[in-house]
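Descriptive structure summary
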Amino acid sequence: MADTHVLFVEDDDVIREATQLTLERDGFVVTAMPDGLQGLEAFRANRPDIALLDVMVPGLDGVSLCRRIRDESTVPVIMLSARADSIDVVLGLEAGADDYVTKPFDGAVLVARIRAVLRRFGHAGGTAGGESAAGEDAQGALLSFGDLEIDTEGMEVRKAGEPVALTPTEMRLLLEFSSAPGTVLSRDKLLERVWDYGWGGDTRVVDVHVQRLRTKIGQDRIETVRGFGYKLKA
């Protein structure tokens with residue numbers, strides 16, 4: 001991780017400086033900005049490997065900044081929110097964030113979450129190995145589900161012949177579903193396989209990403225099985 005560049009946007013001076021030191025001690029290169037507008041400028045100038053965005057920052061709030069970044073890039077984004085039950089968490093995920101961390105956070109936990117996100121992004125891009133069943137079982141295959149085609153080697157998706165732009169997290173989620181069509185996958189299992197959580201996580205992350213995926217590949221392609229999880233219609 002020594003060459004990994006992190007963009008960190010946080011308006012609280014103490015949190016920003018302490019977190020930057022923590023990340024740098026773990027080998028990350030950090031660009032820290034106090035507001036969203038400077039964060040957007042830094043993103044465009046430096047093209048970081050991952051962005052950490054506090055929800056409540058001046059100039060351009062974290063959710064809006066995430067949306068602007070997602071318009072230009074599939075770089076992973078982690079939102080930082082002061083309240084786990086805040087609507088801002090869902091808004092951030094809907095804007096394109098891949099994960100979120102609740103404040104106050106432990107530095108070691110934040111580093112672990114960053115590394116988990118980077119691992120799965122490397123896998124989704126086809127440049128790193130992973131434990132995911134989808135990455136192994138579906139590798140090198142062209143899968144078809146109605147008008148949906150998934151090239152698991154080229155990491156490309158088409159619907160009715162037209163390309164579908166997915167983020168790496170959305171792609172990894174789709175690979176999990178496509179590796180076992182018709183099989184119900186629980187939210188906890190998806191958290192483990194897609195988000196690399198070895199511990200309990202917030203299932204809202206799964207729900208929002210499934211909904212985002214549905215808007216791109218078809219609302220009826222992924223079925224909700226109440227009380228159990230989701231499955232891809234074969």
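Just so we're clear, the structure is a prediction, and the values are computed from it rather than from any experiment.

Next up on the list: the overall build of the chain. When you go through the chain residue by residue, the secondary structure sums to 9 helices and 11 strands. For the chain, the proportion of its 234 residues judged to be buried stands at 50%. Long-range pairs, those at least 24 residues apart, make up 59% of the contacts in the chain between residues at least 6 apart in sequence. Entry remark: accessible area of the chain is about 10,600 Å², with carbon and sulfur atoms responsible for 49%.

Residues of helix α4 (residues 87-94) that are buried: Val89, Val90, Gly92 and Leu93. Along the axis of α4, the buried residues cluster in a sector spanning 160°; they form a single face. Exposed residues on α4 whose side chains face more than 90 degrees from its buried face are Ile87 and Glu94. Contacts from the buried residues of α4 go to α3 (62-72), β4 (77-81), β5 (99-102) and α9 (204-217). At the C-terminal side of α4, Gly96 shows a positive phi close to 120°.

Time to look at helix α7 (residues 168-179). An ideal rise of 1.5 Å per residue puts 16 Å on 12 residues; α7 measures up with 16 Å between its terminal C-alpha atoms. Among the 12 residues of α7, 11 are classified as buried, and the element is accordingly described as predominantly covered. Of all the residues in α7, the buried ones are Pro168, Thr169, Glu170, Met171, Arg172, Leu173, Leu174, Leu175, Glu176, Phe177 and Ser178.

This brings us to the packing of helix α2 (residues 36-46) against α3. Two elements in contact, α2 and α3, have axes separated by 10 Å at closest approach and are oriented at 20°. With respect to each other, α2 and α3 are oriented roughly parallel. α2 and α3 meet at a crossing whose hand is right-handed. Contacts between α2 and α3 involve Gly36, Gly39, Leu40, Phe43 and Arg44 from the former and Leu65, Arg68, Ile69 and Glu72 from the latter. Broken down by class, the residue content of the contact of α2 with α3 amounts to 4 nonpolar, 2 polar and 3 charged.

With parallel pairing, the 5 strands of this open sheet are ordered in space as β2-β1-β3-β4-β5. A single partner strand is all that each edge strand has here, and the edge strands are β2 (29-33) and β5. The mean angle between the axes of side-by-side strands here comes to 20°, regardless of whether they run parallel or antiparallel. Examined bridge by bridge, β4 and β5 share 4 bridges and lie parallel to one another.

Right, let's get into the sheet that holds strand β7 (residues 148-151). Read across the sheet, 4 strands follow the order β6-β7-β8-β9 without closing on themselves; strand pairing throughout is antiparallel. Here the strands that pair on one side only, and so sit at the sheet edges, are β6 (142-145) and β9 (162-164). Geometrically, the sheet is characterised by an average inter-axis angle of 25° between neighbouring strands, direction not taken into account. Here strand β8 (residues 156-159) pairs with β9 via 3 bridges, running antiparallel. The partner of Val157 across the bridge, within β9, is Val164. The strands that α7 touches are β6, β7 and β8; relative to β7, the one it contacts most, it runs at about 105°.

Scoring rules and cut-offs
- Residues numbered from 1 in each chain as written.
- Predicted model: local features only at pLDDT ≥ 70, side-chain atom pairs only at ≥ 80, totals over all residues.
- Heavy atoms only, no water.
- Helix = DSSP H or I, 4+ residues; strand = E, 2+ residues; numbered from the N terminus.
- Buried < 20%, exposed > 50% of the residue type's maximum accessible area, 1.4 Å probe, protein only.
- Contact = heavy atoms within 4.5 Å.
- Areas by Shrake-Rupley, 256 points an atom, 1.4 Å probe, with all protein chains shown as cover.
- Arc of directions from axis to C-beta.
- Expected span 1.5 Å × (residues − 1).
- Axes fitted to C-alpha atoms, helices over the stretch in contact; angles between N-to-C directions.
- Parallel < 35°, antiparallel > 145°, perpendicular 65-115°, else oblique.
- Left-handed = near helix turned anticlockwise from the far one by under 90°.
- Nonpolar A, V, L, I, M, F, W, Y, C, P; charged D, E, K, R; others polar.
- Pairing = 2+ DSSP bridges.

The quantities given are spatial measurements derived from coordinates; they are silent on function.
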